[in-house]
Amino acid sequence: MAAVDEAEINKFEQLAERWWDPEGEFKPLHRIQPLRLDYIRSVVDLDGKRALDVGCGGGLLAEGMASAGAEVTGVEPGEAAIGAARAHLKVSGLSVDYRQGEAADLLDEGVEPFDVITCMEVLEHVPDPARLVDECARLLKPGGTLFFATLNRTVRSYLMAIVGAEYILRWLPKGTHDWDKFIRPAEMEAHLRAAGLLPREIRGMVFNPLDNSFSLSNDVAVNYLGYATKPGDA
């Protein structure tokens, strides 16, 4: 089975030129970006760390980690998305090593393992999330940290992430998400353990419509993020 879904890639490829428009189709990612980066930085000091952003899209999180001092590699199968990410470096002046491809390609290349790996808002778009988690684990240094963010498979997530975000608020194009691919936290923890990782924390992310921002919560019914570590000394 392929590690990526070509139909999923095509959805985002058609929007690639608008990755960096904070009011465009990727508005939710721009809204959630500060929370994601702050969460990562609360767990690890990114300065001087080798970081890999799996499924980096147009580079929002990759650039955020680079701005925090990390040496960042971003991998993304979509050609147009990688093009948008590379083009934005000319605007930001940051340095990120963007590569078109998959995590498995880096394994085949035998790259040096990473201190930090992020796989955010990606797992619900691939046909085999367990396989991708395993690939991330193999790319991680002993003592390294894997960060993840995805969507829970609940009635509330269907109503909010699909009906609300795609059909009512129109934050996202219709068909962006497939509820059947959403991942329950218990399933996520099982994937992590099967890959030899130690789940450390899972937190909910909730949206506040009053100030258009996301915050951490104990409510994991819709969006959640967390991290796991790889046993061994860094």
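For the structure, check the block above.
For the structure given in this document, a descriptive report is provided here. A quick note: this is a predicted structure, and the numbers were derived from the prediction, not measured.

As a further point, take the packing of helix 6 (residues 129-138) against helix 8 (residues 185-194). In a pair of packed helices, the angle between the axes and the distance between the axes together describe the arrangement. Their axes nearest at 8 Å, the elements helix 6 and helix 8 cross at an angle of 45 degrees. In terms of their interaxial angle, helix 6 and helix 8 are classed as oblique. Crossing angle aside, the handedness with which helix 6 passes helix 8 is right-handed. Facing helix 6, whose interface residues are Pro129, Ala130 and Val133, helix 8 presents Met188, His191 and Leu192. In terms of residue class, the contact of helix 6 with helix 8 is built from 5 nonpolar, 1 polar and no charged.

We now examine the nonpolar core. The biggest cluster of nonpolar side chains holds 35 residues, and the ones touching the most others in it are Ile40, Leu46, Met65, Val72, Tyr98 and Phe147. At the level of elements, helix 2 (27-43), helix 3 (60-67), helix 4 (79-92), strand 3 (96-100), strand 4 (114-120), strand 5 (140-151) and strand 8 (223-229) are the ones that each hand at least two residues to this core. Counting residues per element, this core draws most heavily on helix 2, at 6 residues. Val75, Leu123, Leu132 and Val133 belong to the second largest nonpolar core, which has 26 residues in total.

Before going further, it helps to examine the pairing of strand 8. Taking burial as the measure, the 7 residues of strand 8 include 7 buried ones, the bulk of the element. By the alternation rule, side chains of strand 8 split into Asn223, Leu225, Tyr227 and Thr229 and Tyr224, Gly226 and Ala228, which are all buried. In the sheet, strand 6 (residues 198-208) pairs with strand 8 via 7 bridges, with the strands oriented antiparallel. Pairing of Met205 across the sheet is with Asn223, part of strand 8.

A full pass over the atoms with the stated rule returns 3 aromatic pairs. Taken together through their ring pairs, the aromatic side chains of Tyr39, Phe147 and Tyr227 make up a single cluster. Positioned over the ring face of Phe114 is Arg50, at 4.4 Å from the centre of the ring.

Before going further, it helps to examine the packing of helix 2 against helix 3. Interaxial distance between helix 2 and helix 3 falls to 10 Å at its minimum, and their mutual angle equals 40 degrees. Taken as axis vectors, helix 2 and helix 3 run oblique relative to one another. Where helix 2 crosses over helix 3, the handedness of that crossing is right-handed. Residue-level contacts link Leu29, His30, Gln33, Arg36, Leu37 and Ile40 of helix 2 to Leu60, Leu61, Gly64 and Met65 of helix 3. Taken together, the residues of the contact of helix 2 with helix 3 sort by class into 6 nonpolar, 3 polar and 1 charged.

Further remarks concern helix 3. Note that an α-helix has 3.6 residues per turn; residues three or four places apart therefore point the same way. Within helix 3, 7 of the 8 residues are buried, leaving the element largely enclosed by the surrounding structure. Turning to helix 3, its buried residues number three or more, namely Leu60, Leu61, Ala62, Glu63, Gly64, Met65 and Ala66. The secondary structure elements touched by the buried residues of helix 3 are helix 2, strand 1 (50-54), strand 2 (71-76), helix 4, strand 3 and strand 4. Positive backbone phi, approximately 100 degrees, marks Gly69, located one or two places after helix 3.

Definitions and limits used
Residues numbered from 1 in each chain as written. Predicted model: local features only at pLDDT ≥ 70, side-chain atom pairs only at ≥ 80, totals over all residues. Heavy atoms only, no water. Axes fitted to C-alpha atoms, helices over the stretch in contact; angles between N-to-C directions. Helix = DSSP H or I, 4+ residues; strand = E, 2+ residues; numbered from the N terminus. Parallel < 35°, antiparallel > 145°, perpendicular 65-115°, else oblique. Left-handed = near helix turned anticlockwise from the far one by under 90°. Contact = heavy atoms within 4.5 Å. Nonpolar A, V, L, I, M, F, W, Y, C, P; charged D, E, K, R; others polar. Core = buried A, V, L, I, M, F, W, Y, C linked by side-chain atoms within 4.5 Å. Buried < 20%, exposed > 50% of the residue type's maximum accessible area, 1.4 Å probe, protein only. Pairing = 2+ DSSP bridges. Phe/Tyr/Trp six-rings, centres within 6.5 Å; stacked < 30°, edge-to-face > 60°. Lys NZ or Arg CZ within 6 Å of the ring centre and 35° of its normal.

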